[in-house]
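# Tertiary structure, described
Next come the chains, spelled out residue by residue.
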Amino acid sequence: MKHLEANFDGLVGPTHNYAGLSFGNVASLSNARAVSSPRSAARQGLEKMKALHDMGMVQGVLAPQERPDVFALRRLGFTGTDGEVLAAAARTAPAIFQAVCSASSMWTANAATVSPGADTADGKVHFTPANLTNKYHRSLEPATSGRILQAMFANPRYFAHHLHLPDNEHFGDEGAANHTRLCNEYGHAGIELFTFGRYAFDSSKPAPTRYPARQTFEASAAIARLHGLSEENTIFIQQNPGVIDQGVFHNDVIAVGNRNVLFYHEQAFLDTEAKKREIQRKFGDQPVHFIEVKDSEVSVADAVQTYLFNTQLISLPDGTMVIIAPTECQENERVSAYLADLVTRDTPIRQVHYFDVKQSMRNGGGPACLRLRVALTDEELAAVNPAVILDEVLFSRLNQWVDSNYRDELSVDDLRDPQLLEESRTALDELTQILKLGSVYKFQL
Ligand SMILES: N=C(N)NCCC[C@H](NC(=O)CCC(=O)O)C(=O)O
């Protein structure tokens with residue numbers, strides 16, 4: 001049986017904007033109210049997807065969510081026609097209004113945690129949408145993420161879907177951004193690394209003091225139980241609270257893993273040496289390549305600014321391991337020198353490919369935030385909704401769809417325009433037909 005890892009990238013939504021909604025995420029706060037370009041953001045994302053497809057990777061598309069979320073405003077007591085709801089919210093509660101307009105579902109590393117069938121007790125691929133409780137604008141995502149994932153991975157013989165964890169900070173869960181899997185081969189049992197920022201039920205344990213820890217230990221442990229993972233293939237690692245306080249709001253801003261490689265900053269974790277020993281013991285006889293970046297090579301500040309670790313570490317079909325990095329890494333002398341040197345060292349990583357995803361980077365989302373990884377056997381892949389898998393035809397169809405539905409520019413003030421809601425709904429309705437998702441949005445139910 002063949003096996004591979006597929007990437008499902010979030011399509012940027014028609015209301016992509018910069019609202020400064022994510023305290024603890026430096027890029028989001030520093031670009032608050034900048035004018036965005038939904039069209040070029042979506043095109044940048046599609047270019048990256050196409051490039052990975054051209055490298056021989058299986059590349060999928062994850063649909064964005066409907067924004068502004070009028071249903072969320074009605075739940076908060078705004079009434080009248082959709083236009084009246086938008087106008088009243090924008091006038092009387094502008095901060096809430098901006099939150100319900102965020103196109104943050106584009107970062108599909110936060111859509112869910114996924115455990116491949118090789119790791120789970122029942123042999124199925126398990127999905128749990130992230131509840132994203134720490135930020136109101138993101139807490140609006142899990143129900144729709146769940147419906148979209150079920151429409152993509154529908155066959156119950158291969159795929160198991162769980163409800164997101166309780167909507168409470170005690171179980172704050174940010175999905176695959178805090179989850180990495182190491183394995184020898186994608187289809188063989190691997191080890192799943194769950195990274196968390198604090199313990200919810202034990203205030204004596206270390207925790208950040210400046211910025212929030214979005215993921216709790218208790219949430220990570222619940223996901224591992226739900227997915228039927230065993231103690232022997234699961235590792236829980238606490239993030240160093242000091243790096244969260246420097247802007248590492250998700251672990252994928254400071255570490256990334258693929259197959260037998262863990263690439264991380266020396267300050268990323270607590271108890272690093274003990275955790276490395278546990279990883280190697282649970283991984284088995286083959287060596288794990290721990291590529292630890294020293295502070296003297298790249299500082300945490302440079303890592304946060306360039307997203308050196310929010311790179312995609314992928315294995316091409318011939319087995320070559322490559323890094324998909326944002327152009328911000330190329331533009332920073334220290335980081336580009338580090339990467340140029342890394343590919344000459346004795347590690348499995350052989351190439352670096354740079355991509356312009358600036359529209360996403362300005363909100364703190366790099367290449368790795370934009371994708372959800374799903375390791376699949378060929379039999380499981382055959383059971384995935386084929387309309388979401390990118391090929392030449394879908395690529396050009398989606399580019400046309402973006403060109404005819406997306407605005408070139410969007411400022412925060414444009415979000416109250418009821419016409420934008422109409423445009424978004426028309427676009428998303430068409431998209432559900434292109435991707436054969438059925439009815440997944442509330443306005444379609
Ligand atoms: N690291 C990963 N996997 N994902 C990045 C998510 C970025 C997202 N930014 C935002 O939600 C900003 C929206 C705004 O400010 O308009 C967040 O902070 O949750």
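Everything numeric in this text was worked out from a predicted model, so none of it was measured.

Another point: the environment of A87. Note that A87 resides in helix α4 (residues 82–92). Judged by its relative accessible area of 39%, A87 falls in the partly exposed class. Separated by 50 residues in the primary sequence, A87 and S37 place their C-alpha atoms 23 Å from one another.

Take the UniProt feature "active site" (unreviewed entry) in the protein next. UniProt tags E174, H250 and C369 as "active site" (unreviewed entry). Across 196 residues, the annotated set stays spatially compact, with a maximum C-alpha separation of 11.1 Å. For the second largest cavity, the lining residues among the annotations just cited are H250 and C369. Along the polypeptide, H250 turns up in the loop between α9 (241–244) and β9 (255–258). Looking at the element boundaries, C369 is found in the loop between α14 (358–361) and β15 (371–377). Given a relative accessible area of 4%, C369 falls into the buried group. Among residues more than four places away in sequence, those in contact with C369 are M106, W107, T108, A109, D252, Y307, N310 and G364.

What follows covers empty space enclosed by the protein. This model, assessed by the stated rule, comprises 6 cavities of 30 Å³ or more. As a volume, the largest cavity reaches approximately 270 Å³. In terms of lining residues, the largest cavity is bounded by 23 residues, among which E5, H179, T180, R181 and R373 are the most central. Listing elements by their share of the lining of the largest cavity, those giving two or more residues are β6 (179–182), β9 and β15.

Moving on, we get to the site of the ligand. Around the ligand there are 22 residues in total, and L21, S22, H137, D252 and C369 lie nearest to it. A distance of 2.8 Å separates an oxygen atom of the ligand from a polar backbone atom of L21. Taking R214, its side chain carries an N or O atom lying 2.8 Å from an oxygen atom of the ligand. A breakdown of the residues in the shell around the ligand according to their chemical character gives 8 nonpolar, 11 polar and 3 charged.

Below, the discussion takes up the nonpolar core. F8 and L398 are the most contacted members of the largest nonpolar core, which totals 71 residues. Here the element with the most residues in this core is helix α16 (residues 392–405); it accounts for 5 residues. Other than its neighbours up to four places away in sequence, L398 contacts L11, L46, V61, L390, L431 and I434.

Turning to the packing of aromatic side chains, a few remarks are in order. Per the counting criterion, the structure on display carries 17 aromatic pairs. With 5.3 Å between their ring centres and 65° between their planes, F196 and F217 make a pair best called edge-to-face. Note that F196 is positioned in strand β7 (residues 191–196) and F217 in helix α8 (residues 217–226), a separation of 21 residues in sequence. Note on F263 and Y338: the rings are 6.4 Å apart at their centroids and 15° apart in plane angle, and the pair reads as stacked.

Attention now goes to the packing of α4 against helix α17 (residues 418–434). Two numbers describe how α4 lies on α17: the axes approach to 9 Å, and their chain directions differ by 125°. Taken together, the axes of α4 and α17 lie oblique to each other. Considering the relative orientation of α4 and α17, their crossing is right-handed. Where α4 abuts α17, its residues D82, G83 and L86 lie against P418, L421 and R425. Across the contact of α4 with α17, the residue classes tally to 3 nonpolar, 1 polar and 2 charged.

Our focus in this paragraph is the side chain of S115. By the secondary structure assignment, S115 is in strand β3 (residues 112–115). A residue is classified by how much of its surface remains accessible, and S115, at 0% relative accessible area, is buried. Separated by 2.9 Å, the side chains of S115 and E192 make a polar contact. One polar contact links S115 to H227, side chain to side chain, over a distance of 2.7 Å. For S115, the contacting residues outside a window of four places in its chain are T120, K124, V125, H126, E192, H227 and L229.

So, how was this worked out
- Residues numbered from 1 in each chain as written.
- Predicted model: local features only at pLDDT ≥ 70, side-chain atom pairs only at ≥ 80, totals over all residues.
- Heavy atoms only, no water.
- Helix = DSSP H or I, 4+ residues; strand = E, 2+ residues; numbered from the N terminus.
- Buried < 20%, exposed > 50% of the residue type's maximum accessible area, 1.4 Å probe, protein only.
- UniProt positions renumbered as here; feature names shortened; annotations may be inferred.
- 1 Å grid on protein atoms, 1.4 Å probe; cavity = no way out; pocket = protein on both sides within 12 Å on 5 of 7 lines; lining within 4 Å.
- Contact = heavy atoms within 4.5 Å.
- Points joined across faces, edges and corners; volume = space filled by probe spheres on them.
- Near = heavy atom within 4 Å.
- Polar contact = N/O pair within 3.5 Å; in protein donor to acceptor, adjacent residues only side chain to side chain.
- Nonpolar A, V, L, I, M, F, W, Y, C, P; charged D, E, K, R; others polar.
- Core = buried A, V, L, I, M, F, W, Y, C linked by side-chain atoms within 4.5 Å.
- Phe/Tyr/Trp six-rings, centres within 6.5 Å; stacked < 30°, edge-to-face > 60°.
- Axes fitted to C-alpha atoms, helices over the stretch in contact; angles between N-to-C directions.
- Parallel < 35°, antiparallel > 145°, perpendicular 65-115°, else oblique.
- Left-handed = near helix turned anticlockwise from the far one by under 90°.

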